[in-house]
Amino acid sequence: MFSRGNRGNTLHGILLIALFSFSAFYIAEIPFVKSLSFSPLIVGIILGMIYANSLRNRLPETWVPGIKFCTKQVLRAGIVLYGFRLTLTQVAEVGLPAVVIDTIVVAGTIFLGIWLGRLLKIDKDTALMTSTGSAICGAAAVLGAEPVAIAVSTVVIFGTISMFLYPIMYRAGLLDGLSDMGVAIYTGSTLHEVAHVAGAGNAMDPTDALGIAGPATITKMIRVMMLAPVLV
């Protein structure tokens, strides 16, 4: 891949992905996009869909190794390092219940998804990727394990719907059986993307005065950290 003859072409593919990445971060900061709580990752997926249906067949095939290098090694390393941003102090603030519930949710969702996939005769890889994305950190987990378009689409669609649904449930009193910390842990341990958790948490507790928005994000980050052992 990085041999002297292929080095230039490989770098072209890497630079293309870098351009998409910077564009995703820039677009995600646009006020309208930001109001939708779309993370750079979700924006990047949309850009990738546009690329796949427009420029993909017009780019030199020699760029493909660089693109694959980014979607495999670079992406996986980035996701693992992202999980290590979580500090022990932040984990202690939420406490052991969040860790235990996250572990149960991650393991239970993955195994339940695989079982339902077999029951519904869904392709094994698709069932596994959808389960992984739902269990851990949305599209990032799917892409970190193996890029499967239908799994990514499923996770992004249902995660976005849930981001709007949870605050409605909270306002309607459907979560009154939980304490504020319980709502935070429930939100952080079940929503897909970090952006989904942040969006729902801020909608329920804009100033974090109730202790929902912050702990929900920390609970979610614990799930993100769990992607490393799952990938192994």
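Just above, that's the structure.
Structural notes, computed from the coordinates.

Rules of the game
Residues numbered from 1 in each chain as written. Predicted model: local features only at pLDDT ≥ 70, side-chain atom pairs only at ≥ 80, totals over all residues. Heavy atoms only, no water. Helix = DSSP H or I, 4+ residues; strand = E, 2+ residues; numbered from the N terminus. Buried < 20%, exposed > 50% of the residue type's maximum accessible area, 1.4 Å probe, protein only. Contact = heavy atoms within 4.5 Å. Axes fitted to C-alpha atoms, helices over the stretch in contact; angles between N-to-C directions. Parallel < 35°, antiparallel > 145°, perpendicular 65-115°, else oblique. Left-handed = near helix turned anticlockwise from the far one by under 90°. Phe/Tyr/Trp six-rings, centres within 6.5 Å; stacked < 30°, edge-to-face > 60°. Expected span 1.5 Å × (residues − 1). Nonpolar A, V, L, I, M, F, W, Y, C, P; charged D, E, K, R; others polar. Polar contact = N/O pair within 3.5 Å; in protein donor to acceptor, adjacent residues only side chain to side chain.

Turning next to the overall build of the protein chain. A count of helices and strands for the protein chain gives 13 helices and zero strands. When the helices and strands of the protein chain are placed in sequence order, the string is α-α-α-α-α-α-α-α-α-α-α-α-α. The burial tally for the protein chain puts 41% of its 232 residues in the buried class. Long-range pairs, those at least 24 residues apart, make up 69% of the contacts in the protein chain with a sequence separation of at least 6.

Following the sequence through the fold, T187 ends up in helix α10 (residues 180-190). What T187 contacts, discounting residues up to four positions off in sequence, is Y166, V197, A200, M204 and A216.

Looking now at the environment of Y186. Structurally, the position occupied by Y186 is in helix α10. Judged by its relative accessible area of 30%, Y186 falls in the partly exposed class. Along the backbone, Y186 and K220 are 34 residues apart, and their C-alpha atoms lie at a distance of 9.6 Å.

Before going further, it helps to spend a moment on the packing of α10 against helix α11 (residues 194-204). Between α10 and α11, the shortest axis-to-axis distance is 9 Å and the interhelical angle comes to 155°. Taken together, α10 and α11 sit at an angle that is classed as roughly antiparallel. Relative to α11, the crossing made by α10 is right-handed. Across the interface between the two elements, V183, T187 and G188 from α10 touch V197, A200 and M204 from α11.

For the rest of this paragraph, the subject is α11. Across the eleven residues that make up α11, a large majority, eight, are buried. Those residues of α11 that sit buried are V194, A195, H196, V197, G199, A200, G201 and M204.

What follows concerns the packing of aromatic side chains. Here the structure, examined in full by the defined rule, presents two aromatic pairs. Relative to Y51, the ring of F20 has its centre 5.7 Å away and its plane inclined at 65°; by these criteria the two rings are edge-to-face. Of the two residues, F20 is situated in helix α1 (residues 7-28) and Y51 in helix α3 (residues 40-52); the sequence distance between them amounts to 31 residues. Under the relative-accessibility criterion, Y51 is labelled buried at 19%. An angle of 10° between the planes, with centres 5.2 Å apart, marks the rings of Y166 and Y186 as stacked. One end of the pair, Y166, is in helix α9 (residues 149-171); the other, Y186, is in helix α10, with 20 residues separating them in the sequence.

So, about helix α12 (residues 213-225). Helix length check: α12, at 13 residues, gives a terminal C-alpha distance of 19 Å against a target of 18 Å (1.5 Å per residue), a fit within 8%. Across the 13 residues of α12, ten count as buried, placing the element largely inside the fold. For α12, the set of buried residues is A213, P215, A216, I218, T219, K220, M221, I222, R223 and V224.

A few words on the packing of α11 against α12. A pair of packed helices can be characterised by two numbers: the angle between their axes and the separation between those axes. Taken N-terminus to C-terminus, the directions of α11 and α12 make an angle of 165°; their axes are 8 Å apart at the nearest point. Looking at the two axes, α11 sits roughly antiparallel to α12. α11 and α12 meet at a crossing whose hand is right-handed. Packed against α11, whose contacting residues are V194, V197, A198, G201 and N202, the element α12 presents A213, A216, T217, K220, M221 and V224 at the interface. Its residues placed into classes, the contact of α11 with α12 shows seven nonpolar, three polar and one charged.

As a further point, take unusual backbone geometry. Within the chain, K121 stands out as a residue other than glycine whose phi angle is a positive 60°. Inspection of the secondary structure assignment puts K121 in the loop between α6 (96-119) and α7 (124-135).

Counting through the fold element by element, S131 comes out in helix α7. Within the local environment of S131, its side chain forms a polar contact with the backbone oxygen of A127, the two atoms lying 2.7 Å apart. If near-sequence neighbours (up to four positions away) are discounted, S131 is found in contact with T109, I110, G113 and I114.

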